[in-house]
Amino acid sequence: MKNMRSYAIIDYIKDKKFCPIPELQEKLQVSSATIHRDIAALVKRGVIHKMRGGIAMGVPTPVVPMTTAFQDRLNWNCRAKQTIAEQAFDRIEEGDILFLDSSTTVSWLAQKLLHSNFSNLTIVTNAVSIIQDFHKFPSHYILIGLGGSYDLQLNSFLGQTAMGELEQLSISKAFVSAFGLCDERVTTNNEKHFALLLKLMNIAEQKILLLDRSKFNRKGLFRFATQNMFDAVISE
């Protein structure tokens, strides 16, 4: 019977991706002590892992140390980035499927979402910092983390794998930043980042550019969009 329950737990979580423990207990019609014993056994085997508020398939995302360069960029001009994040947050609505890029400006928006109370929200991201912090988000939010090659400079996953996974998804609103905006050209300096953003611009229903004023009149190497391709440009 215990093995049958284990298979039932695995099958249920495969379908749900994430499941609160009380929901699983009700589904299987067992006691609290029994469901916790079954879960503990599966966690020990590495089949599932516990998250805040429930359980999910697989093993937790390994912690990738935040690079010093990324941390420095995160802290630089943080007051302006917080102001931008507050304005961007006001554009998010129930049921949105958001893409959050790996920029430090967008990471401040992710911090605001940690304390939000939407009843239905999905976040798609290639940002390692957001993926690692997702256990702090409301437990019913859905995360889709893009895989790919790890980029140390941007602290993100890029490359063909990330683009292939993104291509399969629907995005209602994409929040991105850039190296610079000059003469209507929105640019980045990372070639793989450029390729991912090009793909994203074709997929997302709404595109919202977050730039602090230091990014204006600054030119990067690769142009992935023009200003008029964005539904909004938010700055401090």
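Residues numbered from 1 in each chain as written. Predicted model: local features only at pLDDT ≥ 70, side-chain atom pairs only at ≥ 80, totals over all residues. Heavy atoms only, no water.

Caption draft 1: Geometry of the packing of aromatic side chains. According to the stated counting rule, one finds four aromatic pairs in the structure shown. Here F194 and F222 contribute two aromatic rings whose centre-to-centre distance is 5.2 Å and whose plane-to-plane angle is 25 degrees, an arrangement assigned as stacked. Note that F194 is positioned in helix 9 (residues 191-203) and F222 in strand 13 (residues 222-226), a separation of 28 residues in sequence. K112 extends its terminal NZ or CZ atom over the ring of F89, reaching a point 5.3 Å from the ring centre. One Lys or Arg, R218, reaches over the ring of F179 and ends 3.8 Å from the middle of that ring. (Phe/Tyr/Trp six-rings, centres within 6.5 Å; stacked < 30°, edge-to-face > 60°. Helix = DSSP H or I, 4+ residues; strand = E, 2+ residues; numbered from the N terminus. Lys NZ or Arg CZ within 6 Å of the ring centre and 35° of its normal.)

Caption draft 2: Looking closely at helix 3 (residues 32-45). End to end, helix 3 covers 20 Å across 14 residues, agreeing with the expected 20 Å (1.5 Å per residue, within 8%). All of the buried residues along helix 3 are T34, I35, D38, I39 and L42. Buried positions in helix 3, seen along its axis, are confined to an arc of 130 degrees and lie on one side of it. Exposed and facing more than 90 degrees away from the buried side of helix 3 are R37 and K44. Within two residues after helix 3, G46 carries a phi angle of roughly 80 degrees, on the positive side. (Expected span 1.5 Å × (residues − 1). Buried < 20%, exposed > 50% of the residue type's maximum accessible area, 1.4 Å probe, protein only. Arc of directions from axis to C-beta.)

Caption draft 3: Main features of the side chain of K173. On the secondary structure map, K173 appears in strand 9 (residues 173-176). Polar side-chain contacts of K173 include one of 3.0 Å to the side chain of E93. (Polar contact = N/O pair within 3.5 Å; in protein donor to acceptor, adjacent residues only side chain to side chain.)

Caption draft 4: Quick look at the packing of helix 8 (residues 160-167) against helix 9. Two elements in contact, helix 8 and helix 9, have axes separated by 10 Å at closest approach and are oriented at 5 degrees. When the axes of helix 8 and helix 9 are compared, the pair comes out roughly parallel. Along the contact surface, helix 8 presents A162, M163, L166 and E167, while helix 9 presents A195, L196, K199, L200 and I203. Each residue belonging to the contact of helix 8 with helix 9 can be placed in one class, and the counts come to seven nonpolar, no polar and two charged. (Axes fitted to C-alpha atoms, helices over the stretch in contact; angles between N-to-C directions. Parallel < 35°, antiparallel > 145°, perpendicular 65-115°, else oblique. Contact = heavy atoms within 4.5 Å. Nonpolar A, V, L, I, M, F, W, Y, C, P; charged D, E, K, R; others polar.)

Caption draft 5: Here's a closer look at unusual backbone geometry. Phi angles above zero are rare outside glycine, and Q29 is one such case at about 55 degrees. Among the secondary structure elements, Q29 is positioned in the loop between helix 2 (21-28) and helix 3. Judged by its relative accessible area of 66%, Q29 is exposed. Positive phi values are uncommon outside glycine, yet N155 reaches one of about 50 degrees. By secondary structure assignment, the location of N155 is in the loop between strand 7 (149-151) and strand 8 (156-158). Of the residues examined, N155 reaches a relative accessible area of 2% and is grouped as buried.

Caption draft 6: The arrangement of the sheet that holds strand 14 (residues 232-234) in detail. With parallel pairing, the six strands of this open sheet are ordered in space as 6-5-4-9-12-14. In the strand order of this sheet, the two ends are held by strand 6 (142-145) and strand 14, each with one partner. With direction set aside, neighbouring strand axes in the sheet form an average angle of 20 degrees. Each of strand 9, strand 12 (206-210) and strand 14 is contacted by helix 5 (residues 78-89), which is oriented at about 150 degrees to strand 14, the strand it contacts most. (Pairing = 2+ DSSP bridges.)

Caption draft 7: Up close: the packing of helix 5 against helix 6 (residues 104-113). Where helix 5 contacts helix 6, the axes come no closer than 8 Å and their chain directions differ by 55 degrees. Accordingly, the angle class assigned to the pair helix 5 and helix 6 is oblique. Judged by the sense of rotation from one axis to the other, the crossing of helix 5 with helix 6 is right-handed. Taking contact as the criterion, the partners of C78, K81, Q82, I84, A85, E86, A88 and F89 in helix 5 are, on helix 6, T104, T105, W108, L109, K112 and L113. (Left-handed = near helix turned anticlockwise from the far one by under 90°.)

Caption draft 8: A look at the sheet that holds strand 10 (residues 180-182). Pairing is antiparallel in the open sheet, where three strands are placed in the order 10-11-13. Of all strands in the sheet, those with a lone pairing partner are strand 10 and strand 13, marking the two edges. Pairs of neighbouring strands in the sheet enclose a mean axial angle of 35 degrees, with direction left out of account. Bridging between strand 10 and strand 11 (residues 185-188) involves three bridges; their strand directions are antiparallel. Bridged to L181 within strand 11 is V186. Contacts from helix 9 reach strand 11 and strand 13 within the one sheet, and its direction differs from that of strand 13 by about 20 degrees.

Purely geometric numbers; function is a separate question.
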